[in-house]
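Secondary and tertiary structure notes
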Amino acid sequence: MEEKELDFSYILQTIWKRFLLILLFVILGLGTAVFYNYGAPIIYESNTSLYVQPEVKASEVDYEGILTNQKMVKTYTEIIKSRKIINKVIKTLDLHLTYKEVNKMLSVTSVNDTEIITIAVQNENKKLAKDIANKTAEVFIEEIKETMQINNIKVIDEAIEGKDPVSPRILLNCLIGCAGGLFVGLALAFLIESMDNKIKNHEDVKKYLKIKTLGVVPHNSIDTEMKGKKKVYVSPNEVNLKIINDPSSVVSESIRMIRTNLNFLDTKLINVTSTLPSEGKSEVICNLALSFALLDKKVLVVDCDLRKPKIHRNFGLTRKRGVSDLVLAKGKHKYTEAIQTYTDPSKKVSIDILSAGSKISNPSELINNQGFADLLKELREDYDLVLVDCPPISSLTDGVLVSKLCDGTVYVIESDRIDRSVIETCIEELNNNKAFILGAVLTKVNVKHQKKLYGYKYDYYYSNYNK
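Just so it is clear, the model here is predicted, and its values are computed rather than measured.

1. Thoughts on a nonpolar patch on the surface
Residues Trp16, Phe19, Leu20, Leu23 and Ile27 make up a contiguous nonpolar surface patch of roughly 570 Å² in combined accessible area. For the nonpolar patch, the leading source of residues is helix 2 (residues 19–39), giving four residues.

2. Let's talk about the environment of Val410
You can see Val410 is positioned in strand 13 (residues 408–414). Among the residues examined, Val410 registers a relative accessible area of 3% and is labelled buried. Distance in space between the C-alpha atoms of Val410 and Val272 is 4.8 Å, their sequence separation being 138 residues.

3. A word on the sheet that holds strand 13
Read across the sheet, eight strands follow the order 7-14-13-8-12-9-11-10 without closing on themselves; strand pairing throughout is mixed. Where the open sheet ends on each side, the last strands, each with one partner, are strand 7 (213–218) and strand 10 (340–344). Recorded for the sheet is a direction-independent mean angle of 25 degrees between the axes of neighbouring strands. Where strand 10 and strand 11 (residues 349–354) come together, five bridges link them in antiparallel fashion. Considered in strand 11, the bridge of Gln340 is made with Ile353. Running over the sheet, helix 8 (residues 202–209) touches strand 7, strand 13 and strand 14 (437–445) and is turned about 140 degrees from strand 14. The strands that helix 18 (residues 420–432) touches are strand 13 and strand 14; relative to strand 13, the one it contacts most, it runs at about 175 degrees.

4. Considering the packing of helix 4 (residues 83–93) against helix 6 (residues 126–148)
Viewed as axis vectors pointing N to C, helix 4 and helix 6 meet at an angle of 125 degrees, and their least axial separation amounts to 9 Å. As summarised for this structure, helix 4 and helix 6 are arranged oblique, according to the angle between their axes. When you trace helix 4 past helix 6, the crossing you get is right-handed. Across from Lys84, Ile85, Lys88, Val89, Thr92 and Leu93 in helix 4, the residues of helix 6 making contact are Asp131, Ile132, Lys135, Thr136, Val139, Phe140, Glu143 and Thr147.

5. As for the packing of aromatic side chains
By the definition in use, this model includes three aromatic pairs. Centroid distance Tyr76 to Phe140: 5.9 Å. Interplanar angle 65 degrees. Geometry classified as edge-to-face. Taken as a pair, Tyr76 in helix 3 (residues 63–80) and Phe140 in helix 6 lie far apart in primary sequence, 64 residues in all. Ring centres of Phe315 and Tyr342 lie 4.9 Å apart, and the angle between their planes is 55 degrees; on these two criteria the pair is classed as tilted. With Phe315 in the loop between helix 13 (311–314) and helix 14 (323–329) and Tyr342 in strand 10, this pair connects stretches of sequence that are 27 residues apart. On the accessibility criterion, Phe315 (5% relative accessible area) is buried. Above the face of the Tyr44 ring, Lys126 is positioned so that its terminal group lies 4.5 Å from the ring centre.

Reading the values: the criteria
Residues numbered from 1 in each chain as written. Predicted model: local features only at pLDDT ≥ 70, side-chain atom pairs only at ≥ 80, totals over all residues. Heavy atoms only, no water. Patch = residues over 30% accessible without salt bridge, like charges linked within 9 Å, V, L, I, M, F, W, Y side chains within 5 Å. Areas by Shrake-Rupley, 256 points an atom, 1.4 Å probe, with all protein chains shown as cover. Salt bridge = Lys/Arg side-chain N within 4 Å of Asp/Glu carboxyl O. Helix = DSSP H or I, 4+ residues; strand = E, 2+ residues; numbered from the N terminus. Buried < 20%, exposed > 50% of the residue type's maximum accessible area, 1.4 Å probe, protein only. Pairing = 2+ DSSP bridges. Axes fitted to C-alpha atoms, helices over the stretch in contact; angles between N-to-C directions. Contact = heavy atoms within 4.5 Å. Parallel < 35°, antiparallel > 145°, perpendicular 65-115°, else oblique. Left-handed = near helix turned anticlockwise from the far one by under 90°. Phe/Tyr/Trp six-rings, centres within 6.5 Å; stacked < 30°, edge-to-face > 60°. Lys NZ or Arg CZ within 6 Å of the ring centre and 35° of its normal.

What is shown is where atoms sit, not what they do.
Structure (structure tokens):
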């Protein structure tokens, strides 16, 4: 297990992230304390005090006698709780109790370096507690006088009925319950956090995956919150073309950053893949394609997800003739016959789309076909940029096969979703097949939970959002 940097911000972030879990245990702790308080018997306590009086001779204190009395006090405390004394108390008061039961409610203490003995009795019946305390003192004095001829033990304070119960201590129990729940909640929160191996930010990408980050795409809800709008549910199969519909949004700015980084790499045929479905790959491809088209580049998006194609639906087009049809035709048809164009009149921008085409039963074999490689080679020559959408590679080989034929691969990773060991395995497979990984794009990043890394950047952007 990797050690995580333990700093104050990490502690606060963990507490905030697991706040509901911690709160749950605090409530459970408080509930347990309240349940105990209401279920526990109400106990009262009565106390009586005895004094071992020193011998006095010729108006002078017998210090030797005082020391002897102090040593004897410990002996007296044991004698008071003896079976003989307690059984006599039970018989005298006609109690329907055993020696063990009375001994359990009785406590005898002495103050250090003094001759004072305190007899305390706790019971649900305050009168019974008082009577047992007084009778115990009385029986002890009589017994010690009779058996040991000791006459210097006197009662200082007789026991009285307790007014307030000593148990349960309601407030203290509630505080202990809350503290116990808080401790368990915090311990569990940090344990869960220490076992969380998901990729969350670009530092995790660099540290664990050993690849660079091309860009970070925040969660769409951030734009909604900044504009004060109501959150609107978006279907998982629906792609929001923010680069066109909302060019000033945080997501659009993030797409432009990815575009800038890819421009520096000077690649023409780029494969875009991910580990699992629904990581935001289609949204990245569609918005990225339009962002390049806004730079007056000739852009083509190729849908190579032959099992569950989405690109044509994202742009409101049809599947009809596409990749599968062109490869199976073995050069009998030109690819231009299958090209569809998406145009946005307001921005005067357009991109070409090559859909997945007809359904086939053997997508992997088709992608391995030489005709598919020839098709990509032809597309690279005719376009400034070709973006290839591939299926997730955690369980399919299609993405790996396409990556070998492209100039580079962009790996899309949804923040805080997938265990890094799964992603590491997929990247290792790409490297073993000699695919060139351009970098990763982190999607659906919650910058509020990553305040330490992204706070200053997005705070600055937000401050100018509506100006």
